[in-house]
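# Descriptive analysis of the structure
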Amino acid sequence: MIYTNFREIDKAGRIVISKDIRKHLNIRAGDVLHIEADDQCVTIKKAESKCVFCNALENLTEFAGKFVCCTCLDKLKKD
Ligand SMILES: [Zn+2]
């Protein structure tokens, strides 16, 4: 099923993702979304994995079902 909505961006640059899409993708308040843009499109994807400390989406290492980014991992090693 494809969901299509037309939404207006507010003055702060925010848009609302409709309830039906949030429910379909199991997106809840506090979840991290990955936003990408090229010359014509803005793509918003649900981030499946994020660093448990800083919410980074890249350079992740999994440990015991949680993800940690390399920057936080380096900080943990130093402490
Ligand atoms: Zn991190």
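Everything below is about the structure printed above this text.
Here's what I pulled together on the structure shown here. (Residues numbered from 1 in each chain as written. Predicted model: local features only at pLDDT ≥ 70, side-chain atom pairs only at ≥ 80, totals over all residues.)

## A closer look at the pairing of strand β2 (residues 42–46)
This is how it is decided: We call a residue exposed when 12 or fewer other C-beta atoms sit within 10 Å of its C-beta, buried when the count reaches 20 or more, and partly exposed for counts in between; the C-beta positions come from the backbone. In this text, helices come from DSSP runs of H or I with a minimum length of four residues, and strands from runs of E with a minimum of two, each type numbered from the N-terminal end. When DSSP locates at least two bridges between a pair of strands, those strands are taken to pair.
Across the five residues of β2, zero count as buried, placing the element largely on the outside. Where strand β1 (residues 33–37) and β2 come together, five bridges link them in antiparallel fashion. Looking at the pairing, L33 lines up with K46 of β2. Hairpin remark: β1 followed by β2, antiparallel, with four residues in the connecting loop.

## Digging into the pairing of strand β3 (residues 60–63)
The pairing of β3 with strand β4 (residues 66–69) spans four bridges and is classified as antiparallel. Residue F63 lies in a different strand from β4, and its bridge partner there is K66. Taking the residues that link successive antiparallel strands as the turn, the β3-β4 hairpin has two residues, and the phi of A64 there is positive, at about 55 degrees.

## Considerations on unusual backbone geometry
It is generally the case that most residues other than glycine have a negative phi and that most peptide bonds are trans. Positive phi, normally seen in glycine, also occurs at N26, with a value near 55 degrees. For N26, the position within the fold is in the loop between α1 (19–24) and β1. Judged by local crowding, N26 falls into the exposed class, with 8 C-beta atoms found within 10 Å. In this structure, N55 takes a positive phi of about 65 degrees despite not being glycine. Relative to the assigned elements, N55 resides in the loop between β2 and β3.

## With respect to the environment of G13
As for its placement among the helices and strands, G13 is situated in the segment before α1. Under the C-beta neighbour-count criterion, G13 is labelled exposed, with 6 such atoms within 10 Å.

## Description of the environment of A47
Rules: For the purpose of contact definition, each residue receives a C-beta atom placed from its backbone, and two residues are in contact when these atoms lie within 7 Å.
Within the secondary structure layout, A47 lies in the loop between β2 and β3. Accessibility expressed as a C-beta count within 10 Å gives 15 for A47, which makes it partly exposed. Residues A47 and L33 lie 14 residues apart in sequence; the distance between their C-alpha atoms is 5.1 Å. When neighbours within four sequence positions are excluded, A47 is seen to be in contact with V32, L33, H34 and L57.

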